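Descriptive structure summary
Listed here are the chains, written in short residue letters.
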Amino acid sequence: MTKAKDPTPDEPASKGKRGKKPKLRDGIIKRGTTWYYVIRVKDPETGLSKPKWVGGYATEDEAKAARDEARVTARRGDYVDRNTITVGEYLDDWIEAHAMQIKPRTLKDYRMIIRLYVKPNIGRLRLQAVRPMTITKLYRDLLTSGGQDGKGLSSRSVIYVHAVLRKAFGDAVDVDQLIAFNPVERAKRPKYQYAEPGTVWTPAQLRTFLTLARQHRLYAFFHLAAYTGARRGELLNLRWADLDLDGKTVTIAGSAGMVDGERIEGTTKSGRTRLVTLDEETVTVLREHRKRQSADRLLVGDEWRGQKNGHVFTNGWGAPIYPDTVTQLIRDLVRAYNDPKSGPKPKEPLPYARLHDLRHIHATTLLLAGVPVHVVAARLGHADPAITLRVYAHVIRTAETRAAQVFAEAIKSA
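First, a word on what this report is: a plain description of the structure on this page.

Rules used in this analysis
- Residues numbered from 1 in each chain as written.
- Predicted model: local features only at pLDDT ≥ 70, side-chain atom pairs only at ≥ 80, totals over all residues.
- Heavy atoms only, no water.
- Pairing = 2+ DSSP bridges.
- Helix = DSSP H or I, 4+ residues; strand = E, 2+ residues; numbered from the N terminus.
- Axes fitted to C-alpha atoms, helices over the stretch in contact; angles between N-to-C directions.
- Salt bridge = Lys/Arg side-chain N within 4 Å of Asp/Glu carboxyl O.
- Buried < 20%, exposed > 50% of the residue type's maximum accessible area, 1.4 Å probe, protein only.
- Contact = heavy atoms within 4.5 Å.
- Parallel < 35°, antiparallel > 145°, perpendicular 65-115°, else oblique.
- Nonpolar A, V, L, I, M, F, W, Y, C, P; charged D, E, K, R; others polar.

**What about the sheet that holds strand S2 (residues 34-42)?**
If you walk across this open sheet you meet the three strands as S1-S2-S3, and the pairing is antiparallel. Every other strand in the sheet has two partners, leaving strand S1 (28-31) and strand S3 (49-57) as the edge strands with one partner each. Adjacent strand axes in the sheet meet at a mean angle of 35°, parallel and antiparallel pairs treated alike. Judged from the four bridges that link them, S1 and S2 form a sheet pairing that is antiparallel.

**Re the pattern of salt bridges**
On inspection of all chains with the given rule, the structure shows 20 salt bridges. With its nearest N and O atoms 3.5 Å apart, the salt bridge here joins Arg131 to Glu69. Of this pair, Arg131 sits in the loop between helix H3 (104-122) and helix H4 (132-145) while Glu69 sits in helix H1 (residues 60-76), placing them 62 residues apart in sequence. By relative accessible area, which is 30% here, Arg131 ends up partly exposed. Between Arg111 and Glu96 there is a salt bridge, and its shortest N-O distance comes to 3.0 Å. Of the two residues, Arg111 is situated in helix H3 and Glu96 in helix H2 (residues 87-97); the sequence distance between them amounts to 15 residues. Overall, the relative accessible area of 48% leaves Glu96 in the partly exposed class. In this structure, a network of salt bridges that share partners links the residues Asp26, Arg67, Asp68 and Arg71.

**Regarding the environment of Phe222**
Tracing the chain through its elements places Phe222 in helix H8 (residues 219-228). Looking at Phe222, the relative accessible area reads 0%, which means it is buried. A sequence separation of twelve residues divides Phe222 from Leu210, and the C-alpha atoms of the two residues are 7.3 Å apart. With residues up to four places along the chain from it excluded, the contact list for Phe222 reads Phe209, Leu210, Val326, Leu329, Ile330, Leu333, Leu355 and Leu358.

**Regarding the packing of helix H7 (residues 203-213) against helix H11 (residues 323-338)**
Put simply, H7 and H11 touch, their axes get as near as 10 Å, and they point 95° apart. The pairing of H7 with H11 is recorded here as roughly perpendicular in orientation. Residues Thr208, Phe209, Leu212 and Ala213 of H7 pack against Ile330, Leu333, Val334 and Tyr337 of H11. Residues that form the contact of H7 with H11 fall into these classes: seven nonpolar, one polar and no charged.

**Describing the packing of H3 against helix H5 (residues 155-174)**
It is the contact of H3 with H5, at a shortest axis distance of 10 Å, that shows an interaxial angle of 100°. Accordingly, the angle class assigned to the pair H3 and H5 is roughly perpendicular. For the pair formed by H3 and H5, the contact residues are Tyr110, Ile113, Ile114, Tyr117 and Val118 on the first element and Tyr160, Val161, Val164, Leu165 and Lys167 on the second. Looking at the contact of H3 with H5, its residues break down into nine nonpolar, no polar and one charged.

In structure tokens, the structure reads:
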């Protein structure tokens, strides 16, 4: 216990009952109805240590707990001044400051997550008052009743919330220096079970689909999607300059998507450029596609909307394809094959598949053929082969089963 000191310029200098000065005990003092603590903090500019008073605590225990935490951060050199900015206020400032650095579609998703799931629950809390248990409770509430009509959100949606908060609170620590540590890093987030791809066509079914799509002007799009595993937006972003048909490679450098009804182009999902090799058949398909596009250009004449060495996949007037066009087209082609307007129906109808399933066919076919996971991950544009392992775990298990037999046969024949 220390004796009460005369008030410093920064010290709360009020008197208690009967004119007595409040006593300072181990850095804790009561002023009026609230409690204060004081610690010594080194000024980063002068290197001198000076007292720092912080008040407004309802109980002595709360002030002691805050004091102990402040002492630890001060020793580490991580002490930050107390402020009253709320979570909602900080997130509003944060999203605006980062608007130019985030992809338009991602920015829209961030704004939606903050507006629907974060601000209604913890938006009024002081940023510095948020603790790991605060975030953990938020996740628990979202899982039980955070969705529409009081229904719970999926674990995947809550993990998206976690990703946004982790980045925002991380910037509050490292960039804005408003808090000493990131409480989101220590919160208990829900575990996410990666959903395995659904029904995927067999190689024979894929060949059937490509055969019936051959007469369509966008046949090359579906062929390239299946033979490279590239995403829809990556293919729609391609320019002819990205293709080296003599070298049999394609450079995936960006992606196209829709935001609020507008076609937007940006970087790939990982933000990285990748080089994907092509087979001879695919090169031939692309050469034929370029000839067809040149014929369209001659037919349209001055009305052509494309540019020299412009988009690989365009409509009949040379304008870039809208993403939903190819998504719907694969359904229309399968429907027309299974239920033709004239003639008999096929003995073996094609299962309905999404455009994204062509990417899954590419990955599963390569993995089952024994192509190393890291090679498949590079073709798909996965930032980490671990992602490929999680998404295609069922394929890996099938390959492992066959690997056991291969090893046994190798030993027998040795």
